[in-house]
Amino acid sequence: MMCGRFFRLFASAALVAAPFALHAQSQQAHVHGQIKLDVVVDGPTVVITMESPLDNFVGFERAPRTDDEKKAVDEAVAKLRAADTLFTIDPAGNCKLGPVELRAPVLGLGATPAGSPSAGHADLDATFAFNCASAAATKFIDVGLFTAFKGPRQIDAQIVAPQGQFKRTLKRPNARIAWGK
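Residues numbered from 1 in each chain as written. Predicted model: local features only at pLDDT ≥ 70, side-chain atom pairs only at ≥ 80, totals over all residues. Heavy atoms only, no water.

Engineer: Looking at this structure, I do not really get helix α3 (residues 67–81). What am I missing?
Structural biologist: Because each turn of an α-helix spans 3.6 residues, side chains separated by three or four positions in sequence point in the same direction. Spanning 15 residues, α3 covers 21 Å between terminal C-alpha atoms, matching the ideal 21 Å at 1.5 Å per step. Buried residues of α3: Glu69, Val73, Ala76, Val77 and Leu80, and no others. Each buried residue of α3 lies within a common arc of 100° when the element is viewed along its axis, so the set occupies one face. Facing away from the buried side of α3, by more than 90 degrees, are the exposed residues Asp67, Asp68, Lys71 and Asp74. Elements in contact with the buried residues of α3: β2 (45–51), α2 (55–58), α4 (83–86), β4 (95–103) and β5 (125–132). (Helix = DSSP H or I, 4+ residues; strand = E, 2+ residues; numbered from the N terminus. Expected span 1.5 Å × (residues − 1). Buried < 20%, exposed > 50% of the residue type's maximum accessible area, 1.4 Å probe, protein only. Arc of directions from axis to C-beta. Contact = heavy atoms within 4.5 Å.)

Engineer: Explanation requested: the sheet that holds strand β7 (residues 154–161) in the structure shown.
Structural biologist: Backbone-to-backbone hydrogen bonds join strands into a sheet, with any given pair of strands oriented parallel or antiparallel. Taken in spatial order, the 6 strands of this open sheet run β4-β5-β2-β1-β7-β8, and their pairing is mixed. Among the strands making up the open sheet, the edge pair consists of β4 and β8 (164–171). Each adjacent strand pair in this sheet contributes to an overall mean axis angle of 15°, direction not counted. Where strand β1 (residues 34–42) and β7 come together, 7 bridges link them in parallel fashion. Bridge pairing links Asp38 to Gln158 in β7. With respect to the sheet, α3 is in contact with β2, β4 and β5, its orientation differing from that of β4 by roughly 145°. (Pairing = 2+ DSSP bridges. Axes fitted to C-alpha atoms, helices over the stretch in contact; angles between N-to-C directions.)

Engineer: Please clarify how the side chain of Glu69 should be interpreted in this entry.
Structural biologist: Tracing the backbone through its elements, the reader meets Glu69 in helix α3. Looking at Glu69, its side chain comes within polar contact range of the main-chain nitrogen of Arg65, at 2.6 Å. Dropping the residues within four chain positions of it, Glu69 is found in contact with Phe60, Arg62, Ala63 and Pro64. (Polar contact = N/O pair within 3.5 Å; in protein donor to acceptor, adjacent residues only side chain to side chain.)

Engineer: Would you take a moment to explain the pattern of salt bridges for this structure?
Structural biologist: Should their charged atoms come close, side chains of opposite charge can pair. Tallied over the entire structure, the rule returns 4 salt bridges. Residues Arg62 and Glu69 are paired through a salt bridge, measuring 2.7 Å at the closest nitrogen-oxygen approach. Of the charged contacts, one joins Asp142 and Arg176 as a salt bridge, the two residues approaching to 2.6 Å between their closest N and O atoms. Taken together, the positions of Asp142 in strand β6 (residues 140–143) and Arg176 in strand β9 (residues 176–178) put the pair 34 residues apart, joining distant regions of the chain. (Salt bridge = Lys/Arg side-chain N within 4 Å of Asp/Glu carboxyl O.)

Engineer: Is there a simple way to think about the sheet that holds β6 in this case?
Structural biologist: Reading across from one edge, β3-β6-β9 is the order of the 3 strands in this open sheet, with antiparallel pairing throughout. Single-partner strands in this sheet number two, and they are β3 (87–89) and β9. Strand after strand, the sheet turns through a mean of 20° between neighbouring axes, direction not considered.

Engineer: It is not clear to me how the state of the cysteines should be interpreted in this structure. Could you clarify?
Structural biologist: One way to say it: the disulfide is the covalent bond shared by the sulfur atoms of two cysteines. Overall, the coordinates contain 1 disulfide when judged by the stated rule. Here Cys95 engages in a disulfide with Cys132; their sulfurs sit 2.1 Å apart. Given an S-S torsion of about 105°, the disulfide between Cys95 and Cys132 has right-handed geometry. Of the two residues, Cys95 is situated in strand β4 and Cys132 in strand β5; the sequence distance between them amounts to 37 residues. The burial state of Cys95 is the same as that of Cys132; both residues are buried. (Disulfide = S-S within 2.5 Å.)

Right, dumping it as structure tokens:
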């Protein structure tokens, strides 16, 4: 039962986030050090969609070649799958991590989107869903990407929440995306 509920919540939040993701994808330049986040607070969920150059997480943009590179990929993937340690949502929402989807075709994660350019510029994109007792009460997310990874220098976030639509930019060492009052 719980798995089906998460799937329905994840699918509904993904539909809400889709226009933002398409808009961001059409305007996104592949910039090392930069991460784009779309945050959607909808019903009982908070969904974070992330677009980033793979280099931000592992230091290269191709399939790993050495044991050290394979280890770096495994460590990065493990950190991203433990998204509740990277994204601390306002405790007022009482949120728990749900489905995590990682997409990096060069690493064998997820499917390759049709027509995706990959000429030397590989990305690692993700969707993190959180199931909340009171998602509408959330007013911030503390982002741990700067401390968990060496590559990111700037995070550009778009937020859609009951309080409205917002854009925020974080630069090291700032870690809080806040919205509403």
